[in-house]
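Structure at a glance
This is what each chain is made of:
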Amino acid sequence: MTPEREGTRERTPSGATAATRPRGPRLDQPRPPRRRLLPEWDPEAFGRLSERIARFLGTGRFIVWMTFVIILWVIWNISVPGTLRFDQYPFIFLTLALSLQASYAAPLILLAQNRQDDRDRVNLEQDRKQNERSIADTEYLTREIAALRMGLGEVATRDWIRSELQDLLKEMTDERRDGHVVFPADRSARRDVDDR
């Protein structure tokens with residue numbers, strides 16, 4: 001083969017099935033991200049936002065503001081000239097707005113309660129594990145104290161040592177008539193002399 005022909009020669013897959021097999025995606029590389037039609041959101045951020053809204057809906061400030069808006073709405077639609085009124089007497093638009101607010105408030109409150117339940121469940125589990133550890137530690141300390149008490153039963157107490165020392169002191173200070181102190185060694189020597 002000449003060098004010119006070598007450079008133009010293409011590599012072909014060997015084997016009958018290699019040529020007919022379609023090439024799939026490469027397994028050593030990650031897939032490209034798929035395009036989604038719906039926008040993505042962080043569930044935690046949405047949950048935190050719903051909790052903030054639910055907390056605000058449960059405050060007196062919200063009730064005061066809502067009462068103020070409703071009173072202003074009713075007064076505006078009763079007292080202004082007919083061309084400036086946007087909601088006539090049965091206040092159907094106000095009813096619709098309040099229904100819309102309630103339809104969004106209820107799921108947000110439920111979502112906030114579910115998140116609180118999840119947090120409570122995690123805290124309860126942590127408290128249960130902490131209680132188990134505390135009970136295990138208490139049982140261990142109880143066994144150790146019992147072992148120490150059993151060990152102290154074999155150890156000389158202060159009163160026992162005091163009585164033994166007093167007995168030894170009585171034996172050692174056995175006095176003679178002439179006022180000399182006779183120690184136990186002298187006493188045994190004296191007995192030997194008396195026995196002879």
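Residues numbered from 1 in each chain as written. Predicted model: local features only at pLDDT ≥ 70, side-chain atom pairs only at ≥ 80, totals over all residues. Heavy atoms only, no water.

1. Let's talk about unusual backbone geometry
Even without glycine at this site, F91 takes up a positive phi of about 50°. You can see F91 is positioned in the loop between α4 (60-79) and α5 (92-154). With a relative accessible area of 12%, F91 lands in the buried category. (Helix = DSSP H or I, 4+ residues; strand = E, 2+ residues; numbered from the N terminus. Buried < 20%, exposed > 50% of the residue type's maximum accessible area, 1.4 Å probe, protein only.)

2. Re the pattern of salt bridges
Counted under the stated rule, the structure contains eight salt bridges. A salt bridge links R115 to E44; the shortest N-O distance between them is 3.4 Å. Taken together, the positions of R115 in helix α5 and E44 in helix α3 (residues 43-57) put the pair 71 residues apart, joining distant regions of the chain. Judged by relative accessible area, R115 falls into the buried class, the value being 15%. Within the structure, one salt-bridge network assembled from shared partners comprises E44, E51, R115 and R119. (Salt bridge = Lys/Arg side-chain N within 4 Å of Asp/Glu carboxyl O.)

3. A closer look at the side chain of D87
Among the structural elements, D87 can be located in the loop between α4 and α5. A polar atom in the side chain of D87 sits 2.9 Å from the backbone nitrogen of L94. Those residues in contact with D87 that lie beyond four places of it in its chain are W73, N77, I92, F93 and L94. (Polar contact = N/O pair within 3.5 Å; in protein donor to acceptor, adjacent residues only side chain to side chain. Contact = heavy atoms within 4.5 Å.)

4. Details of α3
Taking 1.5 Å of rise per residue, 15 residues should cover 21 Å, and α3 covers 21 Å from first to last C-alpha, within 8% of that figure. For α3, the complete set of buried residues consists of G47, S50, E51, A54 and L57. Buried residues of α3, viewed axially, fall in a sector of 125°; they line one side. Away from the buried face of α3 by more than 90 degrees, exposed residues R52 and R55 are located. (Expected span 1.5 Å × (residues − 1). Arc of directions from axis to C-beta.)

5. Quick look at the packing of aromatic side chains
Evaluated as defined, the whole model comprises five aromatic pairs. Between W73 and F93, the aromatic rings sit 5.4 Å apart at their centres with planes inclined by 35°, giving tilted as the arrangement. In this pair, W73 sits in helix α4 while F93 sits in helix α5, placing the two residues 20 residues apart along the sequence. Accessibility expressed as a relative area gives 15% for W73, which makes it buried. (Phe/Tyr/Trp six-rings, centres within 6.5 Å; stacked < 30°, edge-to-face > 60°.)

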